[in-house]
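So the chains spell out like this:
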Amino acid sequence: MGARRRCCCECWVFSDDFDRTPSTDLGTDWNESTGQADGDWEIILYNSTQYVLHEKYGETPGEGGTADAIVFCKRAVPVRNIDGETTDGEMFIHVDVVDPQEGDIYRIYPCCTDDETLGAVAVEFEYTDDTTDAWLITIGSDTLETTGEPNVLTGEVSLSVCADHTNGQIKACVGARWASPTLYSDTDPGSGQYAAIGHDNADTGALFDNFSIGELRIPTEICLACFCTCEDQLMPYTLYGEFKWCSDGTNDRLSCMEGIDWTMTAVSGTTTMIWTGEVEVTTVEDTPVVQRIVFTLTCDANWTLSMVVYEGETQVECACFSSTWYGDPDTAAARWEDDDDPAPEHYSTCSPLALVYGPWEVNVQDDCNWCYKYLTPLDCVIGGPPADPTLCNGVFWIVISE
Amino acid sequence: MNDCPCNILNGGFCERHQIRKSRHWVDLCHNNPRWWTAWEAGTGPGQKQNPKPRVFKDGPGTQLHKMLERCGIQVTKTCQCKSRIRTMNKCGPDTCRENVTCIVDWLEEEARKRELPFNRWLARLLVLRAIAKARRAERKWRAKDSPATSATPPQPPGCG
C-alpha cells in the first residue's frame, strides 16, 4: 500500500515510494491502464537496494518495454473554492526515473479526467544524450533543452510537473524543482484532478520511484511555490504592460506614450520566473526616431522591472530609469498611513493584478527620443524660455496587468 | 461578460469608472469579474485613492507630546515617540484611558534610554491630563465638524 501523508498544513499530498513487498499488484491506489503486452506493472527490488515501479516486460528490468505504457494514480487532488474560484486542474506531480538510457522517453500526464482517462496534455521528458545528461522537455509545441544528471548512488533523476488550469499554464523541469531551468507553457492542462505516468521505451522499459501528487494552494496558503504568485494569486503566463498617466494628458514630452501597450510572456529555461516583452516608441517630429524598449519583469521580492532602450542595435543610455515601486500593497498602505510620507498617486494590487511602477521623471538631460525629441539644456535652460517648455520634461508610469 | 457600459472599445475615458482605459483594460472590464468589481468599488487599478477622511489629530498622543515638549523633552530621530503619538491618537481617549499602564511603560522605557529621572505616579498623572485635554479638544472639534465627516478612531494596534 502506498504511503500517504498530510503535510503539517492542510495541503493534500499523496506519495508512493513503492517500498513494499515486490508484487504485480500495485494496490488500490493504482490503475494499470496499458503496458501489458507481456505482463503488467510491478514493484521489484532493483539492484538489491531499492524498491521501484517497473513496467514488466520479460524478466529483466531494462530488457524491454511496451510503447506508450501508462499507469494511473487513482488518488484525486481535492477541489477547493478560493475566493469564488475553484482549483480544478491545479496540481504538482513528481516522480523519479531510475537509470535512464539514452533515447528514453518518459511521460507525466497531469489533470487526467479520471483514473482511466487521460487529460488534454502529456509532458514528455526525453533523455537525449547520456554523455552530457541532456534532456528535452516537451509540452505541446513548447520545448526546453536542459540537463539532469542521475544520482550517483541511486541512478535516479527527478521529473516534475506543475499544472494550473485556472491560469492556463504548465511548467516542467528535470532535477531539483527549485533550482532547475524550467519549461513554461501556456497550454491549458484541463480541469481533471487525476494524474498518470508512463513511457515510450519499447527497447529499454522504465523504472519509476518516489511518486507524489499534491495540490498547489488552499484558501489559507500556497502549498507549493510552484508558480510565481502575487500574494496568493498565481501570476499568469502572459502579462500586459502599458504606459499610463503620462503627465496625465498634458501636452508634454511624453504625452503620446499614453496607452501604448505591449505583451510580456514567461521565459523558459530560467530558474526564476521572468517575463519579457518589448515596444517601440517613436518621436512625432518630421524625421521620426524609433526607440525599442525591452522590458524584463522578475518574480523576486522586489518585482524588479528592468528596461533597456535601443536605437537600432545601439543601446541608449537613458538616465531616467530610476523609480519608486509601489508594488507591495501592504507597503503602499503603510506609506498611506504615514503622515510624513504622501500616499502614492497610483499603487499596485494583486487582485486584480496590476503592478504599478513609477513615477519616472524625464528631464532635459535624458536621452530618450519619445514623443517629442528631447531638447538640449541650451534649448531648455540657458537660451531663455524654450518655444514650448513642456517639451523639456515629462512623467510616466508603467502598469503590468493580467 | 459584465455589463460594462464603457463604449470605448478602443480605449479612452470611462465615464462610469472615471479613469482612462486602454483597449486591454476595457477588455478586462468586460470579461474579468475581479477588475469589474474593483472598479465598481472605486479601488481598481488607476483609480486614485479616495481623499483621506478628515481625522482628529489633537488626540491624547499629540497632547502628551505637547506637554513633554514644554518640559524640554523632544522627539528624536531614533526614538519611537512619533509612532506612539500616532498610536495614541488612533486609540482615542477612551482606549488610552484603559491602557494608561501601557503608556506609562512606554514613557518609562524612553526615560531609561535617555537616562532621565522617572516617577511612575507623576507620569500617570501626566498621561491622564493629556487624555482629559484630548477629550475637550475633540468635543470642540466635533462641534465644528459634522459627524459624517469625522472618522471613528480604530482600535489600537499597540495597546493592551
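Residues numbered from 1 in each chain as written. Chains lettered and ligands numbered in written order. Predicted model: local features only at pLDDT ≥ 70, side-chain atom pairs only at ≥ 80, totals over all residues. Heavy atoms only, no water.

Caption draft 1: A look at the nonpolar core. Residue and element names in this part refer to chain A. Grouped together as the largest cluster of nonpolar side chains are 41 residues, with contacts concentrated most on Val123, Phe125, Trp135, Leu159, Phe208, Phe211 and Ile213. When sequence neighbours within four positions are dropped, the list of residues in contact with Phe208 reads Phe18, Trp41, Val52, Leu53, Val95, Asp96, Val97, Tyr106, Ile197 and Gly198. By size, the runner-up hydrophobic cluster in this structure holds 37 residues, among which are Met235, Met257, Trp262 and Leu297. (Core = buried A, V, L, I, M, F, W, Y, C linked by side-chain atoms within 4.5 Å. Buried < 20%, exposed > 50% of the residue type's maximum accessible area, 1.4 Å probe, protein only. Contact = heavy atoms within 4.5 Å.)

Caption draft 2: Broad picture of the pairing of strand E17 (residues 194-199) of chain A. Residue and element names in this part refer to chain A. Of all 6 residues in E17, 6 are buried, a share of seventy percent or more. Of the two faces of E17, the one holding Tyr194, Ala196 and Gly198 and the one holding Ala195, Ile197 and His199 are both buried throughout. Pairing geometry for strand E6 (residues 69-73) and E17, over 5 bridges, is antiparallel. Within the sheet, the bridge partner assigned to Ile70 lies in E17 and is Gly198. The pairing of strand E10 (residues 105-112) with E17 spans 5 bridges and is classified as antiparallel. (Helix = DSSP H or I, 4+ residues; strand = E, 2+ residues; numbered from the N terminus. Pairing = 2+ DSSP bridges.)

Caption draft 3: Geometry of the packing of helix H1 (residues 23-31) of chain B against helix H2 (residues 33-40) of chain B. Residue and element names in this part refer to chain B. In contact at an axis separation of 6 Å, H1 and H2 are set at 95 degrees when each is read in the N-to-C sense. Of the possible angle classes, the one that applies to H1 and H2 is roughly perpendicular. Between H1 and H2, the contacting residues are Trp25, Leu28, Cys29 and Asn31 on the first element and Pro33, Trp35, Trp36 and Trp39 on the second. Of the residues belonging to the contact of H1 with H2, the class tally is 7 nonpolar, 1 polar and no charged. (Axes fitted to C-alpha atoms, helices over the stretch in contact; angles between N-to-C directions. Parallel < 35°, antiparallel > 145°, perpendicular 65-115°, else oblique. Nonpolar A, V, L, I, M, F, W, Y, C, P; charged D, E, K, R; others polar.)

Caption draft 4: The sheet that holds strand E11 (residues 123-129) of chain A, seen in detail. Residues and elements named next belong to chain A. Taken in spatial order, the 7 strands make up an open sheet running E3-E6-E17-E10-E11-E12-E13, and their pairing is antiparallel. Bordering the open sheet on either side are strand E3 (30-34) and strand E13 (142-147), each of which pairs with just one other strand. Between one strand and the next, the sheet's axes are offset by a mean angle of 20 degrees, whatever the strand orientation. Pairing between E3 and E6: 4 bridges, direction antiparallel. Along E6, the bridge assignment pairs Thr34 with Ile70.

Caption draft 5: Inspection of the state of the cysteines at higher detail. Residues and elements named next belong to chain A. This model, assessed by the stated rule, comprises 5 disulfides over all chains. Paired by a disulfide, Cys162 and Cys226 hold their sulfur atoms 1.4 Å apart. Because the torsion about its S-S bond is 75 degrees, the bridge between Cys162 and Cys226 counts as right-handed. Of this pair, Cys162 sits in strand E14 (residues 156-164) while Cys226 sits in the loop between strand E20 (221-222) and strand E21 (229-230), and the two are 64 residues apart along the sequence. An identical accessibility class is assigned to Cys162 and Cys226; each is buried. Looking at Cys112, it has no disulfide partner, and the nearest cysteine sulfur is the one in Cys111, 7.8 Å off. Cys112 sits in the buried class, given a relative accessible area of 0%. (Disulfide = S-S within 2.5 Å.)

Caption draft 6: Representation of a nonpolar patch on the surface in the model. Residues and elements named next belong to chain B. Where nonpolar side chains cluster on the molecular surface, the patch consists of Trp121, Leu122 and Leu125 and spans about 350 Å² of accessible area. If you trace the backbone, Leu125 turns up in helix H6 (residues 120-144). Note on Leu125: relative accessible area 44%, which makes it partly exposed. (Patch = residues over 30% accessible without salt bridge, like charges linked within 9 Å, V, L, I, M, F, W, Y side chains within 5 Å. Areas by Shrake-Rupley, 256 points an atom, 1.4 Å probe, with all protein chains shown as cover. Salt bridge = Lys/Arg side-chain N within 4 Å of Asp/Glu carboxyl O.)

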